Amino acid sequence: MSSAAQPPATAPQWRSKRAANVPASVFALMDAAKMRAQASGHTLIDLSIGSSDLYPPEAALEALRQATADPRTYRYPLFSDTAPLRQAAAAYLERRYGLKLDPDSEIVPLIGAQEGLAHLLLAVTDPGDTLLMPDPCYPPYYGAAAVAGLKVHSLPLVAANHFLPDLDGVPDTVQARALLLNYPNNPTSATVPEGFFAEVRAWCRERDTLLIHDHPYAELTYGGYRAPSALEGGTSGVVELHSLSKTHHMGGFRVGFAAGDPQALSALMKIKSAVDFHPYLGIQAAAAAALNTPPSGLEVFQARRDALIGALRDLGWAAELPQASMYVWAQPPGLRDSVAYAVRAAETTGVALAPGRAFGLEGEGYVRFALVQPPEVLREAARRLGGVALP
Ligand SMILES: Cc1ncc(COP(=O)(O)O)c(C=O)c1O
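Along each chain, residue indices are assigned from 1 in the same order as the chain's sequence is written. In keeping with the model being predicted, local features are shown solely for residues with a pLDDT of at least 70 and side-chain atom pairs are shown and tallied solely at 80 or more, while totals for entire chains, interfaces and linings include all residues. Excluding hydrogens and water, the side-chain values take into account all heavy atoms of the structure.

## A word on the overall build of the protein chain
When its secondary structure is counted, the protein chain shows 12 helices and 13 strands. As defined in this context, the radius of gyration uses C-alpha atoms, and a globule is described by 2.2 Å times the residue total to the power 0.38. On C-alpha atoms alone, the protein chain measures out to a radius of gyration of 22 Å, which is about the 21 Å that the 2.2 N^0.38 rule sets for 391 residues. The principal-axis extent of the C-alpha atoms belonging to the protein chain is close to 75 × 55 × 55 Å. Per-residue accessibility, obtained with a 1.4 Å probe over protein chains only, is compared with the maximum for each type, and a residue is labelled buried under 20%, exposed over 50%, and partly exposed between these values. The buried share of the protein chain, taken over its 391 residues, is 53%. The way it works is that DSSP assigns letters per residue, a run of H or I at least four long becomes a helix, a run of E at least two long becomes a strand, and they are numbered from the N terminus.

Now the structure itself:
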């Protein structure tokens, strides 16, 4: 027998501890349930993923068309090529929040906020450092913390505290390198009151903790609510992640920007220079054009929100009317196992939801609806859910 045919005594494991530590996603389970629902003849109503179904601004699409027609855009983009996007981001932050940021040192383009966060954690922390982060939260936070080798100290977001973190409850023994927050919040849709970030900034300053604010829902607000920026008060010790995915319906374009502390951003650029290039110049031009365009689709999401909340309340579910974001965070009465419920709902009715447990332990008992279908479809989804027994 040739040596090639013999299995080695101990086969090497081509997987790092880092990779093994990235938690499995409940969304894979949901994906399988959706496929089974379709196979058994149900029309799928997929409300499980927050991917906007609306169109980007025409100016963004036109900028992309023009770029693709220009072969000079086909090369690798250098940092200097990102100046127009950085300047558009700075102009947006000034118009929107009255902030005056230096586009050269206080803004870095991203391939989306998710990429930005994962690389930012690698840039500003060392393995073994502690990260304070919310539970429930956007699930990739868990993976990003694991990749960076961080110890996570969870901040429970509970209804009784309006889904805000209780920073006074963090023991003095917890020396956190960074605090990660996200308002308007995914998955709870919670928003923060005036003055919230001033208090959080002071708390972080006292403890030498970097404040990271993930802000992809900055413009998805309703009824006059204005989502504040964590940068109001200065960039020192704060990094905020902005995204074009939700506010301009450009999720597939993979583009956003980080704004804030120049030292943290210079470290981020260093990490990024080792692992990626900047987005295609045409995507950058589209993002810059979008940032110069007022957000659209708010009235569409608001009408969907109202339709779904009304239908869920008719079923006897508890659901707050959110002032922002594209989600409804709802509690079917007596729900104990949100994953089993979401799988059962998908399999037996074709309605796919995100189980609250997918976002953390504190998410149990809830489900999250993404408002990515018209009002009549949302009402139909609620009608179908009315017949699903709770596990
Ligand atoms: C809180 C939060 N952060 C980041 C993202 C991802 O943003 P991006 O598409 O810019 O990577 C999402 C997407 O759902 C999100 O909800």
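The discussion continues.
## A closer look at the site of the ligand
Lining the immediate surroundings of the ligand are 15 residues, of which Ala113, Asp214, Tyr217, Ser243 and Ser245 lie closest. A distance of 2.7 Å separates an oxygen atom of the ligand from a polar side-chain atom of Asn186. Each polar contact in these results corresponds to two N or O atoms within 3.5 Å; when the atoms are within protein, one needs to be able to donate a hydrogen and the other to accept it, and residues that are neighboring in sequence are counted only if both atoms are side-chain atoms. One of the side-chain nitrogen or oxygen atoms of Tyr217 is found 2.6 Å away from an oxygen atom of the ligand. Note that accessible areas follow from Shrake-Rupley with a 1.4 Å probe, and for residues the cover is restricted to the protein chains shown. Notes on the ligand: free accessible area 390 Å², of which the protein chains cover 94%. Note on residue classes: Ala, Val, Leu, Ile, Met, Phe, Trp, Tyr, Cys and Pro are nonpolar, Asp, Glu, Lys and Arg are charged, and everything else, Gly too, is polar. Class assignment of the residues belonging to the shell around the ligand gives a composition of 6 nonpolar, 6 polar and 3 charged. We call a residue near a molecule or strand whenever a single non-hydrogen atom of that residue lies within 4 Å of it.

## What to know about the environment of Asp166
Relative to the elements of secondary structure, Asp166 occurs in the loop between strand 4 (151-156) and strand 5 (176-181). Here Asp166 falls in the partly exposed class, since its relative accessible area comes to 46%. When the C-alpha atoms of Asp166 and Leu132 are compared, they prove to be 11 Å apart, with 34 residues separating the residues in sequence.

## Concerning the nonpolar core
The nonpolar core is taken to be a set of buried Ala, Val, Leu, Ile, Met, Phe, Trp, Tyr and Cys residues, with the residues joined through side-chain atoms within 4.5 Å. Grouped together as the largest cluster of nonpolar side chains are 56 residues, with contacts concentrated most on Leu93, Leu179 and Leu211. When contributions to this core are tallied by element, the ones reaching two or more residues are helix 3 (58-68), helix 4 (83-97), strand 5, helix 7 (196-207), strand 8 (256-260) and helix 9 (281-291). Top contributing element to this core by residue count: helix 4, with 7 residues. By size, the runner-up hydrophobic cluster in this structure holds 32 residues, among which are Leu54, Ala311, Ala319 and Tyr327.

## Looking at the UniProt feature "domain: Aminotransferase class I/classII large" (unreviewed entry) in the protein chain
UniProt positions are given in the numbering used here, feature names are shortened, and annotations may be inferred rather than shown by experiment. Residues annotated by UniProt as "domain: Aminotransferase class I/classII large" (unreviewed entry) correspond here to residues 44-385. Along residues 44-385, the helical share is 36% and the strand share 16%, with 13 Å between the first and last C-alpha atoms.

## Structural notes on the domain arrangement of the protein chain
Domain annotation for the protein chain reports domain 1 (22-54 + 297-385) and domain 2 (75-291). Contacts were defined at the residue level, with two residues in contact if any of their heavy atoms lie within 4.5 Å. Every contact between the two is made by 27 residues of domain 1 and, on the other side, 29 residues of domain 2. Across the domain 1/domain 2 interface, buried area totals approximately 2,300 Å², and carbon plus sulfur atoms make up 63% of it. By definition, the buried area sums, over both parts, the 1.4 Å-probe accessible area that each loses when the two are put together. Three residues, Gln323, Phe359 and Glu362, lead the burial of domain 1 against domain 2; their summed loss comes to 25% of the area buried on that side. The salt bridge criterion pairs a side-chain nitrogen of Lys or Arg with a carboxyl oxygen of Asp or Glu, the two atoms within 4 Å. If you look at where domain 1 meets domain 2, you find 0 salt bridges. Inspection of the region where domain 1 meets domain 2 yields 14 residue pairs in polar contact (both at pLDDT 80 or more). For the side of domain 1 that touches domain 2, the secondary-structure elements that each account for two or more residues are helix 10 (298-314) and strand 10 (327-331). The greatest single-element share of the side of domain 1 that touches domain 2, amounting to 4 residues, is contributed by helix 10. Residue composition of the side of domain 1 that touches domain 2, by class: 16 nonpolar, 8 polar and 3 charged. Segment limits for the domains were obtained from an automatic or database-derived domain assignment.

## Some details on the layout of surface pockets
Approximately 960 Å³ is the volume attributed to the largest pocket. As for the largest pocket, its lining consists of 41 residues, and the residues nearest its centre are Phe27, Gln114, Tyr138, Pro139 and Pro140. Those elements that place two or more of their residues in the lining of the largest pocket are helix 2 (26-39), helix 5 (113-124) and helix 6 (140-147). The biggest single contributor to the lining of the largest pocket is helix 6, with 5 residues. Split by residue class, the lining of the largest pocket holds 21 nonpolar, 14 polar and 6 charged. Looking at the lining of the largest pocket, you find at least three residues from each of domain 1 (22-54 + 297-385) and domain 2 (75-291). The distinction between a cavity and a pocket rests on a 1 Å grid over the protein atoms alone: a 1.4 Å probe fits inside a cavity but cannot get out, while a pocket stays open yet meets protein on both sides within 12 Å along at least five of seven lines, and a residue with an atom within 4 Å of a point counts as lining. Grid points are joined across faces, edges and corners, and a volume is the space filled by probe spheres set on the points. Of the volumes computed, that of the second largest pocket is approximately 410 Å³.

## Thoughts on the sheet that holds strand 6 (residues 210-214)
Strand order in the open sheet made by the 7 strands is 2-8-7-6-5-3-4, with mixed pairing throughout. Every interior strand has two partners, whereas the edge strands, strand 2 (107-110) and strand 4, have only one. Pairs of neighbouring strands in the sheet enclose a mean axial angle of 20 degrees, with direction left out of account. Strands are treated as partners if at least two bridges between them are detected by DSSP. The sheet contact formed by strand 5 and strand 6 spans 4 bridges and is parallel. The residue of strand 6 that forms the bridge with Leu180 is Ile212. All axes here are fitted lines through C-alpha atoms, helices being fitted over the stretch that makes contact, and every angle between N-to-C directions spans 0 to 180 degrees.

## Considering a nonpolar patch on the surface
The grouping of Val22, Leu122 and Val147 at the surface amounts to a nonpolar patch, some 190 Å² of accessible area in total. Secondary-structure assignment places Leu122 in helix 5. Patch members must show over 30% relative accessible area and no salt bridge, and they are joined within 9 Å when carrying like charges or within 5 Å when they are nonpolar side chains of Val, Leu, Ile, Met, Phe, Trp or Tyr.

## Considering the packing of aromatic side chains
Here the aromatic set is Phe, Tyr and Trp, taking the six-membered ring for Trp, and pairing holds for ring centres within 6.5 Å; pairs whose planes are under 30 degrees apart are stacked, those over 60 apart are edge-to-face, and all others are tilted. With the rule as written, the count across this model stands at 13 aromatic pairs. When the ring of Tyr183 is compared with that of Phe196, the centres are 5.5 Å apart and the planes differ by 70 degrees; the resulting orientation is edge-to-face. Taken as a pair, Tyr183 in the loop between strand 5 and helix 7 and Phe196 in helix 7 lie far apart in primary sequence, 13 residues in all. With respect to burial, Tyr183 and Phe196 carry one shared label: buried. Taking 5.1 Å as the distance between ring centres and 75 degrees as the angle between the ring planes, the aromatic pair formed by Phe196 and Phe197 counts as edge-to-face. Note on Phe196: relative accessible area 11%, which makes it buried. Taken together through their ring pairs, the aromatic side chains of Phe27, Phe163, Trp329, Phe359 and Tyr366 make up a single cluster. The ring of Phe79 is capped by Arg86, whose NZ or CZ atom sits 4.0 Å from the centre of that ring. Working rule: Lys NZ or Arg CZ, within 6 Å of ring centre, within 35 degrees of ring normal, means a charge sits over the ring.

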